[in-house]
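Structural overview
Each chain, written out:
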Amino acid sequence: MLHLLLFLFFGVICVAGAINLLAQSHPINSALSLIVVMASLAAEYLLLGAEFVAAVQVIVYAGAIMVLFIFVIMLLNAGTEEHTKGSRVAIIFGVPGVLIGAVLVAWTLLYRSNTSQVAIGAMPGGPYVIAQLLFRRFLLPFEITSVLILIAIMGAVVLTSRPDAVAKRHDTETPEPLPELVGAGKEH
Amino acid sequence: METIPLSYYLVLSGILFVCGVLGFLIKRNIITIFMSIELMLNGVNLSFVAFAAQWHSLSGQIFVFFVMVVAAAEAAVGLAIIIAVYRTRETLNVDQVNLLKL
C-alpha cells in the first residue's frame with residue numbers, strides 16, 4: 001500500500017509537470033515544470049532502489065542541464081511563444097490516434113505482459129555496485145564518453161564564437177602597425 | 001514487503017514519452033522543443049531503470065548514465081546551435097527558421 005501510494009503521489013506530480021510543460025506558453029515556466037518532472041522522477045528511481053541514479057538525476061539533470069537551459073532562456077530574453085494555427089487534420093486524426101495508441105500500449109503492458117512485482121528498493125543500486133560495473137565491464141564505453149564530452153565542448157565553443165571575433169583574432173596574429181604608434185615612433 | 005506491478009512504471013514512462021512527443025510537435029519555441037526532447041529521454045531512462053529491476057541486472061542503470069552523458073553533450077551543442085540561430089535570425093520561433101543557411 002505504501003509503495004503504491006508513493007508511486008502514485010510522485011507519478012501524478014510527474015505527469016502534471018509534463019502536461020504543464022506543454023500548457024505553458026513562456027519557456028521559463030516550461031523549464032521550471034521540467035525541473036519538477038525530473039525531481040519526481042528521481043523519487044521514482046529511489047522507489048525502484050536505484051539510489052545512485054536518483055542522486056545523479058538530481059545533480060546532473062535537474063541541476064546542471066536545467067541551469068544551462070534557464071541560462072540560455074534568460075540570455076536570449078525569450079518571450080511568450082507565438083501560437084500558429086494548428087492544422088485541422090492533426091486535431092481530427094491525431095488526437096484520437098494518440099489516445100487509442102496510449103490506451104493500447106497501457107492495456108498491453110498492464111494485462112498482456114508478464115512483468116514481475118517490485119518492492120520498495122528491490123534493486124541494489126548504491127555507488128559501490130555501480131562503480132564495480134562501470135569501471136570494470138563498461139570501462140571502454142565510459143572512456144569513450146569522455147571523448148564525446150570533449151568533442152561536445154569544442155563544438156559548443158566553435159558554434160557560439162562570433163565570426164567577426166574569429167576574424168579579429170586572425171587579424172591580431174599578423175599585426176599591422178597602428179597609425180598612432182607609427183606617429184609615436186617618428187617622434188623618437 | 002509491499003509490491004506493485006512493474007508495468008505501472010512502464011506506463012508512467014510511456015506517458016512521459018508521449019508528452020515529450022506532443023511537445024516536440026505542437027510547441028513553436030525552439031527552446032521548449034529542446035526541453036521536450038529532454039522529457040522523452042527522461043521517460044526512456046525510467047523504463048531502463050524499471051527493466052533493470054525486472055531482470056535483476058544493473059546494466060540498465062549503467063545505460064541510464066550513458067543516456068545522461070549523451071543528453072548533457074546534446075544540451076551543450078544544441079543550446080550553442082540555438083544561440084547561433086538566434087544571432088542570425090533574431091527569433092526563436094521555428095516557423096521563421098525555415099532555411100539552414102541565411
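Our structure's up above, just so we're on the same page.
In this report, we go over the structure that sits alongside the text. (Residues numbered from 1 in each chain as written. Chains lettered and ligands numbered in written order. Predicted model: local features only at pLDDT ≥ 70, side-chain atom pairs only at ≥ 80, totals over all residues.)

Let's talk about the overall build of chain A
When helices and strands are counted, chain A shows 8 helices and 1 strand. Across the 188 residues of chain A, 22% fall into the buried class. (Helix = DSSP H or I, 4+ residues; strand = E, 2+ residues; numbered from the N terminus. Buried ≥ 20, exposed ≤ 12 C-beta atoms within 10 Å, placed from the backbone.)

Digging into the packing of helix α4 (residues 88-111) of chain A against helix α1 (residues 7-26) of chain B
Running from amino to carboxyl end, α4(A) crosses α1(B) at an angle of 160°, the nearest separation of the two axes being 9 Å. As summarised for this structure, α4(A) and α1(B) are arranged roughly antiparallel, according to the angle between their axes. Pair α4(A) / α1(B) crosses with right-handed handedness. Here A:V98, A:A102, A:V105, A:A106, A:L109 and A:L110 of α4(A) lie close against α1(B), whose contacting residues are B:S7, B:L10, B:V11, B:G14 and B:V18. Along the lines of polarity and charge, the residues of the contact of α4(A) with α1(B) split into 9 nonpolar, 2 polar and no charged. (Axes fitted to C-alpha atoms, helices over the stretch in contact; angles between N-to-C directions. Parallel < 35°, antiparallel > 145°, perpendicular 65-115°, else oblique. Left-handed = near helix turned anticlockwise from the far one by under 90°. Contact = placed C-beta atoms within 7 Å. Nonpolar A, V, L, I, M, F, W, Y, C, P; charged D, E, K, R; others polar.)

Notes on the interface of chain A and chain B
The parts lose accessible area when they come together, and the size of an interface is often stated as this lost area. Chain A puts 71 residues into the contact, and the matching count from chain B is 56 residues. Every element with two or more residues in the side of chain A that touches chain B is listed here: α1 (2-23), α2 (27-48), α3 (51-76), α4, β1 (117-119), α5 (127-134) and α6 (139-160) of chain A. Of the strand pairs in this sheet, β1(A) and strand β1 (residues 3-5) of chain B are connected by 3 bridges, and their pairing is antiparallel. By the bridge assignment, A:V118 is partnered in β1(B) with B:I4. (Pairing = 2+ DSSP bridges.)

Quick word on the environment of A:S87
Structurally, the position occupied by A:S87 is in the loop between α3 and α4. Sequence separation between A:S87 and A:G155 is 68 residues, and the spatial gap between their C-alpha atoms is 36 Å.

Let's talk about the nonpolar core
Most often, soluble globular proteins have nonpolar side chains that are buried together. One finds A:L48, B:L16, B:I31, B:V49 and B:A53 to be the most contacted residues of the largest nonpolar core, which totals 66 residues. Elements with a contribution of two residues or more to this core: α1, α2, α3 and α6 of chain A together with α1, α2 (30-55) and α3 (59-89) of chain B. If we ignore the near neighbours within four places in the chain, the residues touching B:I31 are A:P27, A:F69, A:V72, A:I73, A:A78, B:I82 and B:L92. (Core = buried A, V, L, I, M, F, W, Y, C linked by C-beta atoms within 7 Å.)

A word on α2(B)
All names here are of chain B. Between its first and last C-alpha atoms α2 spans 38 Å; for 26 residues at 1.5 Å apiece the expected length is 38 Å, and the two agree. Counting buried positions over the 26 residues of α2 gives 20, a clear majority of the element. Looking one or two residues beyond α2, the residue adopting positive phi is H56, at roughly 55°. (Expected span 1.5 Å × (residues − 1).)

In short, the description is geometric, and any link to function would need to be established separately.
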